[in-house]
Structures are given as C-alpha cells and as structure tokens.
Amino acid sequence: MARISLRQLLDHAAERHYGVPAFNINNMEQVLGIMAAAAATDSPVILQASRGARSYAGDVMLAKMIEGAEAMYPDIPICLHQDHGNDAGTCLSAIQHGFTSVMMDGSLRADAKTPADYEYNVSVTRHVTEMAHLVGVSVEGELGVLGSLETGKGEAEDGHGAEGALSHDQLLTDPDQAVAFVRETKVDALAVAMGTSHGAHKFSRKPDGAILALHVIRAIHEKMPALHMVMHGSSSVPQELQEEFNRFGGEMTQTWGVPLEEILTGIKYGVRKVNIDTDCRLAMAAAIRKVASTNKAEFDPRAFMKPAITALKDLCKARFEAFGTAGQAARIMPIPLSQMARHYAAGTYDPVVAVANAA
Ligand SMILES: [Zn+2]
C-alpha cells in the first residue's frame, strides 16, 4: 500500500526542506511517464486530476489507473489529489474514488468563474475540511484569485478560472488574511495568489518581482513557518521546448513561465507543492508533432505515444531532481488514512502561528 496523504508528504518535505511537483494526469501515458520518472529518481509523487480530467477519463478509469501505478511501483508513495475542486460534492466524490487529498478552491464560487468573497471561501473550505479530516484526507485551500499581474486577468484552464478584470488586491494573497484563513479552515496546504496563472502564456517577459510576487510567500512564511504553501501555474515553459514544438509545425507565440530559480526560492520559504501541467503537455505534444511531421506514413498510435512518454519522463525527472524530491521515497512510510483521521481528531495537525504573531 503506497498511497499517501498530501499532509504527510508535505510534512516530510518541510522537515527535509524539499518541494514536490504535482503533475496533472488525464490518461495512461501520463501516468506511465510520471511514474517511470518517480521510480528512476526514487521520488514520492503527487498525481492530480482536475474536474476536466475526471470527465475526460471517467472516475472509474482514473481510479483503476492509479491502482495499476501502485501495483507497478509499490515502493513509490503516491498522493492522488483533486485539483481545483469547485464545491463540496466534487471533493467528496473524489474521496469516494480513492483520492487522498482534495483542493477546495473557494476563491471562486461553485461556477468556477466568479470570484468569491472571504466569508464564502472560509465557510465552504471549512465545511470540506471538517468532512475530509474525518476520514484522514488532506485539504488544500486557496486564498486570493489566481491570475496575471500583467494583464489583471485570470486564465481559465479546463473550464476553471476567474472571468473578467481582477484588482491587484484580488491577485495577491494578503499575508494576515492567510493566517486567519488557515486558522479558521484548518487546511493542510494553502494555494497562494502571487502572479502565477494557468496555461502557457504566463508572462510576456522574463518575470521580475513586479509580476511574480515572491515577497508574498516570504511574508506568509514569516507569520506561519509551518504552513505548506502551493504554487499553481508553475510550469517553466522552457525555451527549448517552445522551439521544439514550433520546429515541427507548432504555432506557439513566445512566452515565459516561472523560472526554476524562482521556484527554488519559493521552496526555501515554505512552498512544498509545485503544480506543473503546461510543461508536461508541451513536452508530450512536441514529441507527437515530431513524429507526425518527420514520419508522415506513421499511423500506429504507439509510435506517437512512446516518444511522448519518454519526453514526459525526462521532464518529470528534471523537476524531481531540481526540487530535491529525488531520493526521498525510500525515507517515507505512508501512514494509513484511518490513522491520519485519529491525528486530526486529536488536534495534532492544528495550525501553528509564529509566536510573535500568535496574539
Ligand atoms: Zn491551479
């Protein structure tokens, strides 16, 4: 049994000062590529499924793919996480299908488009946390609305993302409010709005502090050193992948992602989960384009998918190594969810605020 809760995994990451990439999955090839990379580097892994992934593959197929991954790699702790749950029902049905962690994104209303107010966010997130913790499942919350500080807009992905103009205040998590939010909801991890957004077009130039606000991470970390923070939209969109994609007929306009060194700074200040989807999509799509344009007679889907799996594996390996996740799997003994539930009931995981701020 190698399934692990997000809470246990991120506690371990904090203790040993590393970060864990969270890769999105929709199909078997992605599971195979990510798991091969985890095994090759001895890394614990977070596989996350969005609502879009659940409707694409179906809950039963997703659940069985993860069971397959567990059987193939019994030594790799796997956290199965619901990405951007829009309401309690989405989170609970994920738990029914074996997810060990859920994100309740109450920064948006249940339509996954309309920015919500703080009170709504606290109440829906606390509702989910109370239920999930009863069965030992972890919860990620979000405070502040994800979107670009350059354009003042959210970037919808898989039908999830804010619509309309967002103010600077909405786009940056307020550190004091973050402390209050975590205390009121008891979330295990907090997604922070700091200028990262979903999709390939994150920044129109190499980001600096004006458009990628790492100072928010630092300020929250100071107030709550034990809090696990989550960076969404944290693909680096490497230049060479953009070029590879375009060399074989792709038409992606020049873009900048989150530089690796900025992610490493985040990890230094309490970021423990780093969400990466665009890079994985781009690596696979570039490999598929290459086969399609260099071997036009090819019609066996496996000829397209095999190099795509390899490209994904290489990308994931590089992230595991860069974030310090590599070599950690063997150090972790997954705690059963029933035991996690007892810990929650006993208050073991209640939020801790830095002494100077505890008043
Ligand atoms: Zn996200």
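Report on the accompanying structure. Note that the coordinates shown come from a computational prediction; the quantities given were computed from them, not determined experimentally.

Conventions we followed
- Residues numbered from 1 in each chain as written.
- Predicted model: local features only at pLDDT ≥ 70, side-chain atom pairs only at ≥ 80, totals over all residues.
- Heavy atoms only, no water.
- Helix = DSSP H or I, 4+ residues; strand = E, 2+ residues; numbered from the N terminus.
- Rg over C-alpha atoms; globule rule 2.2 N^0.38 Å.
- Contact = heavy atoms within 4.5 Å.
- Areas by Shrake-Rupley, 256 points an atom, 1.4 Å probe, with all protein chains shown as cover.
- Lys, Arg positive; Asp, Glu negative; His and termini not counted.
- Charge placed at Lys NZ, Arg CZ, Asp CG, Glu CD.
- Pairing = 2+ DSSP bridges.
- Axes fitted to C-alpha atoms, helices over the stretch in contact; angles between N-to-C directions.
- Buried < 20%, exposed > 50% of the residue type's maximum accessible area, 1.4 Å probe, protein only.
- Arc of directions from axis to C-beta.
- Right-handed = clockwise from strand over helix to strand, strands pointing away.
- Donors = N, O, S within 2.8 Å, 3.2 Å for Na, K, Ca; no water.
- Phe/Tyr/Trp six-rings, centres within 6.5 Å; stacked < 30°, edge-to-face > 60°.
- Lys NZ or Arg CZ within 6 Å of the ring centre and 35° of its normal.
- Core = buried A, V, L, I, M, F, W, Y, C linked by side-chain atoms within 4.5 Å.
- Salt bridge = Lys/Arg side-chain N within 4 Å of Asp/Glu carboxyl O.

### Details of the overall build of the protein chain
Looking only at helices and strands, one finds 14 helices and eight strands in the protein chain. For the protein chain, whose C-alpha radius of gyration is 19 Å, the value lies close to the compact-globule estimate of 21 Å for 359 residues. Seen along its three principal axes, the alpha-carbon backbone of the protein chain occupies a region of about 70 × 45 × 35 Å. When contacts within the protein chain are restricted to residue pairs at least 6 apart in sequence, long-range pairs at least 24 apart make up 78% of them. As displayed, the protein chain has an accessible area near 14,500 Å², and 54% of this comes from carbon and sulfur atoms. The distance from the centre of the 32 positive side-chain charges to the centre of the 42 negative ones in the protein chain is 3 Å.

### Some words on the sheet that holds strand β2 (residues 45-49)
Read around the closed barrel, eight strands run β1-β2-β3-β4-β5-β6-β7-β8, paired in parallel fashion. Between one strand axis and the next, the sheet turns through 25° on average, direction left out of account. Strands in contact with helix α2 (residues 28-41) are β1 (20-24), β2 and β3 (78-85); relative to β2, the strand with the most contacts, it is inclined by about 165°. Helix α6 (residues 118-134) contacts β4 (101-104) and β5 (138-143) of the sheet and is inclined by roughly 175° relative to β5.

### Considerations on helix α8 (residues 175-185)
Spacing of three or four residues puts side chains on the same side of an α-helix, whose turn is 3.6 residues. Listed in full, the buried residues belonging to α8 are Pro 175, Ala 178, Val 179, Phe 181, Val 182 and Thr 185. Mapping the buried residues of α8 onto a view down its axis gives an arc of 165°, with all of them on the same face. Taken together, the buried residues of α8 touch α6, β5, β6 (189-192) and α9 (214-223). Lys 186 lies just past α8 and shows a positive phi near 60°.

### With respect to the pairing of strand β7 (residues 228-231)
The side-chain alternation of β7 yields two buried faces, one formed by His 228 and Val 230 and the other by Met 229 and Met 231. As judged from the three bridges shared by β6 and β7, these two strands associate in the parallel manner. For Ala 189, the partnering residue across the bridge sits in β7 and is His 228. In the classification by handedness, the crossover that spans β6, the intervening α9 and the parallel β7 is right-handed.

### Let's talk about unusual backbone geometry
Phi is positive for Ala 112, which is not a glycine, with a value near 60°. Positionally, Ala 112 belongs in the loop between β4 and α6. Not every positive phi belongs to a glycine, and Val 237 is a case in point at roughly 40°. Along the chain, Val 237 turns up in the loop between β7 and α10 (239-247).

### Some points on the coordination of the zinc ion
Surrounding the zinc ion are the protein donor atoms His 84 (NE2), His 198 (NE2) and His 232 (ND1), at 2.0 to 2.1 Å. Each donor residue of the zinc ion belongs to the same chain, and together they define the spacing H-x113-H-x33-H. Residue His 198 is located in the loop between β6 and α9, and its partner His 232 is located in the loop between β7 and α10; the two are separated by 34 residues in the primary sequence. Like His 232, His 198 is buried.

### Things to note about the packing of aromatic side chains
Following the criterion strictly, the structure yields three aromatic pairs and no others. A cation over an aromatic ring shows up here: Arg 54 above the ring of Phe 99, its NZ or CZ 5.7 Å from the ring centre. Above the ring of Tyr 269, the side-chain terminus of Arg 218 is found at 5.0 Å from the ring centroid.

### Some thoughts on the nonpolar core
Membership of the largest hydrophobic core comes to 89 residues, with the highest contact counts inside it found for Ile 34, Met 35, Val 45, Leu 47, Leu 190, Val 192 and Met 194. In this view, Val 45 contacts Leu 9, Ile 34, Met 35, Ala 38, Ile 76, Pro 77, Ile 78, Cys 79 and Phe 320; residues no more than four positions away in its chain are not counted. By size, the runner-up hydrophobic cluster in this structure holds 15 residues, among which are Ala 13, Ala 22, Ala 189 and Ile 332.

### Focus on the pattern of salt bridges
Side chains that carry opposite charge are capable of pairing whenever their charged atoms lie near each other. In total, this model carries 14 salt bridges according to the counting rule given. Here Asp 188 makes a salt bridge to Arg 7, at a shortest N to O gap of 2.9 Å. Taken together, the positions of Asp 188 in the loop between α8 and β6 and Arg 7 in helix α1 (residues 6-15) put the pair 181 residues apart, joining distant regions of the chain. No difference in accessibility class separates Asp 188 from Arg 7, as the two residues are buried. The salt bridge involving Glu 67 is made with Lys 64; its shortest N-O contact spans 3.8 Å. Of this pair, Glu 67 and Lys 64 both sit in helix α4 (residues 59-72), three residues apart, which is roughly one turn of the helix. For Glu 67, a relative accessible area of 41% gives the class partly exposed.

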